[in-house]
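# Close look at the chain arrangement
Spelled out from the first residue to the last, the chains are:
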Amino acid sequence: MPGTAPQQTDPDGVDGGVGLTALLVAAARAIETHRPDSLARDVYAEHFVRAAPACTSWPVRIEQVPDKDDNPLWGRFARYFGLRTRVLDDFLLQAVGTSVRQVVLLGAGLDTRAFRLDWPADLVVFEIDRAGVLAFKQQVLTGLSASPRVKRVPVPVDLRADWVTALTAAGFDPAVPSVWLAEGLLFYLPGTAETYLVDTVDRLTTAGSALAFEAKLEKDLLAYRDSPIYTATREQIGIDLLHLFDTGPRPDSAGYLTVKGWSTSMHTPFDFTHQHGRGPVPEPNDALEGNRWVFAHKPRP
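Quick summary incoming for the structure in this document. (Residues numbered from 1 in each chain as written. Predicted model: local features only at pLDDT ≥ 70, side-chain atom pairs only at ≥ 80, totals over all residues. Heavy atoms only, no water.)

## Section: the pattern of salt bridges
Rules: Every case where a carboxyl oxygen of Asp or Glu lies within 4 Å of a side-chain nitrogen of Lys or Arg is listed as a salt bridge. Counting from the N terminus, the helices are the DSSP runs of H or I reaching at least four residues and the strands are the DSSP runs of E reaching at least two. Burial status follows relative accessibility: with a 1.4 Å probe on protein chains alone, a residue under 20% of its type maximum counts as buried, one over 50% as exposed, and anything between as partly exposed.
In the structure shown here, the tally under the stated rule is 26 salt bridges. Note that R84 and E183 form a salt bridge whose closest N and O atoms lie 3.2 Å from each other. Separated by 99 residues along the polypeptide, R84 in helix α3 (residues 72-96) and E183 in the loop between β4 (178-182) and α7 (191-204) bring together distant segments of the chain. An identical accessibility class is assigned to R84 and E183; each is buried. For D158, the salt bridge is made with R160, and the minimal N-O distance between the two is 2.6 Å. With relative accessibility at 67%, the residue R160 sits in the exposed group. Look at the salt bridges and you will find they share partners, linking R29, R84, D89, D111, R113, R116, E183 and E214 into a network.

## What about the environment of F48?
In plain terms, the rule: We call two residues in contact whenever any of their non-hydrogen atoms come within 4.5 Å of each other.
Turning to its location among the elements, F48 is positioned in helix α2 (residues 45-51). Its relative accessible area of 0% is what places F48 among the buried residues. For F48, the residues in contact, after removing those within four places along its chain, are L23, A26, L110, T112, F136, K137, V140 and L141.

## Focus on the packing of aromatic side chains
What counts is decided by this rule: The aromatic pairing rule takes the rings of Phe, Tyr and Trp, using the six-membered ring of Trp, and pairs them if the centres are within 6.5 Å, calling planes under 30 degrees apart stacked, those over 60 edge-to-face and the rest tilted.
The final tally for this structure, using the stated rule, is 17 aromatic pairs. Ring centres of Y44 and F115 lie 5.8 Å apart, and the angle between their planes is 65°; on these two criteria the pair is classed as edge-to-face. With Y44 in the loop between α1 (17-33) and α2 and F115 in helix α4 (residues 113-116), this residue pair connects regions lying 71 residues apart in the sequence. On the basis of relative accessibility, which here comes to 4%, the residue F115 falls in the buried class. With a centroid separation of 6.3 Å and 45° between ring planes, the pair formed by F48 and F136 is classed as tilted. You can see F48 sitting in helix α2 and its partner F136 sitting in helix α5 (residues 131-143), a full 88 residues away along the chain.

## Here's the deal with unusual backbone geometry
At S145, a position not held by glycine, the phi torsion is positive, near 55°. Here S145 shows up in the loop between α5 and β3 (151-156). The phi angle at N285 is positive, at roughly 50°, despite the residue not being glycine. Within the secondary structure, N285 sits in the loop between α11 (269-276) and β7 (291-297). Overall, N285 belongs to the partly exposed group, its relative accessible area being 36%.

## A look at the sheet that holds strand β5 (residues 210-216)
Picture the strands of a sheet paired through backbone hydrogen bonds; they go either parallel or antiparallel. Using the following cut-off: Only strands joined by at least two bridges in the DSSP assignment are considered to pair. Only the stretch in contact is used when a helix axis is fitted, and all axes are lines through C-alpha atoms; the angle between N-to-C directions ranges over 0 to 180 degrees.
Taken together, seven strands build an open sheet; the order of strands is β3-β2-β1-β4-β5-β7-β6 and the sheet is mixed. Looking at which strands have only one partner, the edges of the open sheet turn out to be β3 and β6 (263-267). The sheet shows a mean angle of 15° between the axes of neighbouring strands, taken without regard to direction. α3 rests against β1 (102-106), β4, β5 and β7 of the sheet, and its axis sits at about 5° to β7.

## Some details on the side chain of T85
With respect to the element layout, T85 can be found in helix α3. If we skip the residues at most four places from it in the chain, T85 touches R29, A40, R113, R116 and E183.

## Details of the nonpolar core
What counts here: Definition used in this section: a nonpolar core is a set of buried Ala, Val, Leu, Ile, Met, Phe, Trp, Tyr and Cys residues joined via side-chain atoms within 4.5 Å.
Ranked by internal contacts, the top residues of the largest apolar core, which has 76 residues, are L23 and W58. In terms of residues, this core owes the most to one element, α3, which gives 13 residues. In contact with W58, not counting residues within four places along its chain, are L20, L23, L24, A27, V49, R50, W74, I237 and I239. Counting residues in each nonpolar core, the second largest holds 30 residues, with I128, V157, W262 and V294 among its members.

## Things to note about the pairing of β5
How we decide: When the strands point away from the viewer, a crossover counts as right-handed if the route from the first strand across the helix to the second turns clockwise.
Among the seven residues in β5, seven count as buried, and that is most of the element. The two faces of β5 match: A210, A212, E214 and K216 on one face and L211, F213 and A215 on the other face are all buried. The sheet contact formed by β4 and β5 spans four bridges and is parallel. Looking at β5, one finds that L181 is bridged to A212. Remark: the β4/α7/β5 crossover connection has right-handed handedness. Note that β5 and β7 share seven bridges and pair antiparallel. When the sheet's bridge partners are listed, A210 is paired in β7 with H297.

Right under this line is the structure:
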């Protein structure tokens, strides 16, 4: 694939910085969607990729990749994102199968779950992200005449700002059980910001609520700088993930929630590769080695 760095014009949108990683995930979801053994389908994903000048040359099908699944980025890493999408889809749908009627997507990016999942009719999905990201997503979805399957409420606010006020002003009710998702978000934030976010979710949720998030447990992220995944991402599409990740100490958010009374479980992605029969498996110098998916439930009295 082309090795030139993508044009970066708007650090608050999808054309640069962390926003560009939303397009990477969209491309991975598009590739997963077109696989005959797909774990998750997102028919909107490829349209985001084609609408952004920064990634018009990126593949949206594995057949467009010369070395196909042997490619560390569009093969193994994209398959990881496909697996993650499926696992978190399942978590959310299981949560709303109880009394949960509010979904909060933290750093929603180009998430289209409000459009593609089979939700209860009375559900509300809140999507929190920067205005530029949400505006780009809305422009593409409007062009496709896409309609959400439930009430969808975009909340255009940076998570570094007062997002709690913005969320409650948009109609979120702390007294109603909710499920929260921080997909591919926390490792871009400083440890203090992660702690604030998790503590805020605890304060804003009532019994019967749930939370899923992704964490990285490596003591030294830079030890994996030359791993196939990080190298391919840098060289093929010009995204240096380790430059975007916060490399400071990470808090034990799962442990914090347990102390607060939540029931938590932590899994490796490879656990779900085994469960679903496809996805990444461990390899030497593995940038996915420290990735963990955490699932937490706030018990009822």
